[in-house]
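Take a look at the letters that make up each chain.
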Amino acid sequence: MAYQVTLIRGDGTGPELVEATRRVLEGTGVAFEWDVVEAGVDIMETAGTPLPDNVLASIRKNKIALKGPITTPIGTGFRSVNVALRKELDLYACIRPCKSYVGVRSRYSDVDLVIVRENTEDLYAGVEYPVDSAEAGQIIGMANGKIRQDSAISIKPISRTGSRQIVKAAFDYAVENGRKKVTAVAKANIMKYTDGLFYEIAREVAKDYEGQVEYDEWLVDAMCMQLVQKPENYDVLVMENLYGDILSDLCAGLVGGLGVAPGANIGVDMALFEATHGSAPKYKNQNKVNPTALILSGYLMLKYLKENEAAARLEKAVADVIAEGKNVTYDMKADRNDPTAVGTAEMADAIIAKMQAG
Ligand code: NAD
C-alpha cells in the first residue's frame, strides 16, 4: 500500500527541490501518495496567512511530511512558519546527520556526526517583548537593576519535560543507529538555572543507558573549537534549540556546506523531513541549487518508514553521483562557474539513473 505523505512545496527554491526529491523517492520503487499543500510567502498573498489550516490538518492526518524550505522575513512580517510547524505539531526533536561523502569539497574527510536539537522551547518559544513595552518594563522592574531600561526582552524557557524528551531522543537514536557516545552541549557555567537544568536532566537520562552508550558534556564555546579541530572525536550531540541551530550550520560546514545537510523533525507519532538550508530565494526558478540535502532528508524519511533497503539504495546512488563529480550542481564543482555543472533536475535524474542501474 502506498504511503500517504504531506508534501509542502515551500517557497523560493523550495518547489524545485521538492519536485526533484519527489521524483527520486518514487525512483526507489516505494509507493507514495502525495498530499500537496502550500505554505510560505506565495500562499500568503492569496490565503492571508503563510500557514493555512489545511497544512497542519494534512500533517496531523498523514503523520508524515516532506517539506521544502520557507522564507522568514527578518525583523518584521510573519513569524517563522518553520518554527510554527515544529511547535504546533510538537515535533520536539530535530535530527541532523552531518556525514562526509567522498567527492564533496571540504576541509575534512571523516566526519560522521549527528546533531539532536530541541525544537520547541528556549529563545525560540516566541516569548518576546519589544523595547519600551509595558511587559518589558515589568521584567526590567523585577530584575533589580540588572537590565537597562531601554531593553527589548526575549525569554529563554527550558523545561524538565523538554530536556528529558530531547536527551532521551538522542540516546534512543544512538542505540537504534549503533552510535557509541552522546555529548550534551550547553553553557551551564553562565546560565546556571536553564542550562544547569538541561545538564541535570541529561545526567539522569544518561544513567538509563549506562554500559550501552557513553555520555559526556561540553560547554558550547569549547565544543565549537573541538568540532573544528577534532570532529572525528564526536558522535551524537544533543542540545537546546539555539545552540542546535548554530551548531547545525557549523557541522554542515564541516561536511561541505548547506547543500548536503539533511534534517528530520520528530514528535511522538509524527515526523517532518526538511533540509537544514533555507529557501535561497536569489536562485528561485533557475534550476540551479543542489537537491542533495532535501534528497537525503527523503533518505531519512525512508529510514523512519523502515524502508531500509530502499533507503540504502538511495544513499548509495547519491554517494556515487557525488563521488563521480560529473552530474552535480555548481556548488559541488571546484570552480563554481564550471559550465559542466548540471541543474537541480538533472542531478536528480542522475541519482535516479544510478538507482536503476545498480
Ligand atoms: P539559505 O540556506 O537559504 O541560503 C544561504 C546560502 O547558502 C545561499 O545563498 C546559497 O549560496 C547557499 N545554499 C543554500 N541552500 C543551497 C542549496 N540547496 N544548494 C546550493 N547552495 C545553497 O539561508 P538564508 O539566505 O539565510 O535564508 C533564506 C531564507 O530561508 C530566510 O528567509 C530564512 O529565514 C529561511 N530559512 C528557512 C529554513 C527552513 O525552511 N527550514 C531554514 C533556514 C532558513
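If you're wondering where the values come from, they're calculated on a predicted model, not measured in any experiment.

Engineer: Sorry, what's going on with the overall build of the protein chain here?
Structural biologist: Helix and strand content of the protein chain: twelve helices and twelve strands. Taken against the 2.2 N^0.38 rule, which gives 21 Å for 358 residues, the C-alpha radius of gyration of the protein chain at 21 Å falls within 12% of a compact globule. With the C-alpha coordinates of the protein chain rotated into their principal frame, the extents come out at 70 × 55 × 45 Å. The buried share among the 358 residues of the protein chain stands at 44%. Look at the contacts in the protein chain between residues 6 or more apart in sequence, and 74% of them connect residues 24 or more apart.

Engineer: Looking at this structure, how should I read the domain arrangement of the protein chain?
Structural biologist: Where interface size is quoted, it is often the accessible area lost as the parts come together. Taken as a whole, the protein chain is organised into domain 1 (1-96 + 260-358), domain 2 (107-121 + 158-254) and domain 3 (124-156). Computed over C-alpha atoms only, the centres of domain 1 and domain 3 are separated by 38 Å.

Engineer: Is there a simple way to explain the sheet that holds strand β1 (residues 3-8) in this structure?
Structural biologist: Hydrogen bonds between backbone groups are what pair the strands of a sheet, and the pairing can be parallel or antiparallel. Taken together, ten strands build an open sheet; the order of strands is β2-β1-β3-β12-β11-β4-β5-β10-β8-β9 and the sheet is mixed. The strands lining the two open edges of the sheet, one partner per strand, are β2 (32-37) and β9 (214-219). For this sheet the average axis-to-axis angle between neighbouring strands, irrespective of direction, equals 25 degrees. By the bridge criterion, six bridges tie strand β8 (residues 181-186) to β9 in an arrangement that is parallel. Paired with Val 182 across the bridge in β9 is Tyr 215. Sheet strands in contact with helix α10 (residues 292-304) are β3 (64-67), β11 (264-266) and β12 (271-273), and its direction is about 155 degrees off that of β12.

Engineer: In this structure, what is going on with the nonpolar core? I would like to understand it.
Structural biologist: The nonpolar side chains of soluble globular proteins are, as a tendency, buried together. Of all hydrophobic cores here, the largest spans 95 residues; its most connected members are Val 116, Ala 170, Leu 237 and Val 238. Each of domain 1 (1-96 + 260-358) and domain 2 (107-121 + 158-254) gives at least three residues to this core. Apart from the residues within four sequence positions on either side, Val 116 is in contact with Ala 93, Ile 95, Ile 166, Ala 169, Ala 170, Tyr 173, Val 236, Leu 237 and Val 238.

Engineer: Can you walk me through unusual backbone geometry in this structure?
Structural biologist: For residues other than glycine, phi is negative in most cases, and the peptide bonds are mostly trans. For Asp 90, which is not glycine, the phi torsion reads 50 degrees and is therefore positive. Take Asp 90: it is sitting in the loop between α4 (81-88) and β4 (93-99). A positive phi angle, near 35 degrees, is found at Ala 280, a position not held by glycine. One can find Ala 280 in the loop between β12 and α10. Taking the number of C-beta atoms within 10 Å as the measure of exposure, Ala 280 has 19 and is therefore partly exposed.

Engineer: Just checking my understanding: could you explain helix α9 (residues 241-254) for this structure?
Structural biologist: Three- or four-residue spacings in an α-helix give side chains the same orientation, since the helix completes a turn every 3.6 residues. Over its 14 residues, α9 runs 20 Å from end to end, which matches the ideal 20 Å to within 8%, given 1.5 Å per residue. Restricting attention to buried positions, one finds in α9 the residues Asn 241, Tyr 243, Gly 244, Leu 247, Ser 248, Cys 251 and Ala 252. Looking straight down α9, one finds its buried side chains confined to an arc of 160 degrees; they lie on one side. Tucked into the core, α9 has its buried residues touching β4, β5 (112-118), β8, α8 (220-229) and β10 (236-239).

Engineer: Help me out: how do you make sense of the pairing of β3 in this one?
Structural biologist: A regular strand carries its side chains on alternate faces of the sheet. In this structure, β1 lies alongside β3, joined through three bridges in parallel fashion. Note on β3: the bridge partner recorded for Ile 8 is Lys 67. As paired strands, β3 and β12 are joined by three bridges and run parallel to one another. Its bridge partner lying in β12, Ala 65 is registered against Leu 272.

Engineer: Teacher, can you tell me more about the environment of Arg 160 here?
Structural biologist: By the element assignment, Arg 160 lies in helix α6 (residues 160-176). Overall, Arg 160 belongs to the exposed group, with 12 C-beta atoms counted inside 10 Å. Here the alpha-carbon distance between Arg 160 and Ile 201, two residues 41 residues apart in the chain, equals 6.8 Å. In contact with Arg 160, other than residues within four places in its own chain, are Leu 197 and Ile 201.

Definitions and limits used
- Residues take numbers from 1 onward in each chain, read along the sequence in its written order.
- pLDDT decides what is reported in this predicted model: residues at 70 or higher carry local features, side-chain atom pairs at 80 or more are listed and counted, and totals for whole chains, interfaces and linings draw on all residues regardless.
- Numbering of helices and strands runs from the N terminus, with a helix taken as a DSSP run of H or I at least four residues long and a strand as a DSSP run of E at least two residues long.
- For this measure, only C-alpha atoms enter the radius of gyration; the expected value for a globule follows 2.2 Å times N^0.38, where N is the number of residues.
- Exposure classes come from backbone-placed C-beta atoms, where a residue is buried if 20 or more other C-beta atoms lie within 10 Å of its own, exposed if 12 or fewer do, and partly exposed in between.
- A pair of residues counts as a contact when their C-beta atoms, built from backbone coordinates, are separated by no more than 7 Å.
- Each domain's extent is set by a domain assignment, obtained either automatically or from a database.
- Pairing between two strands is assigned when DSSP locates at least 2 bridges connecting them.
- An axis is simply a line fitted to the C-alpha atoms; with a helix, the fit covers only the stretch in contact. Between two such axes, the angle follows the N-to-C directions and lies from 0 to 180 degrees.
- Residues enter a nonpolar core if they are buried, belong to Ala, Val, Leu, Ile, Met, Phe, Trp, Tyr or Cys, and are joined to the set through C-beta atoms within 7 Å.
- One less than the number of residues in a helix, times 1.5 Å, gives the span that helix is expected to have.
- Arc, as used here, means the arc of the directions from the helix axis to the C-beta atoms.

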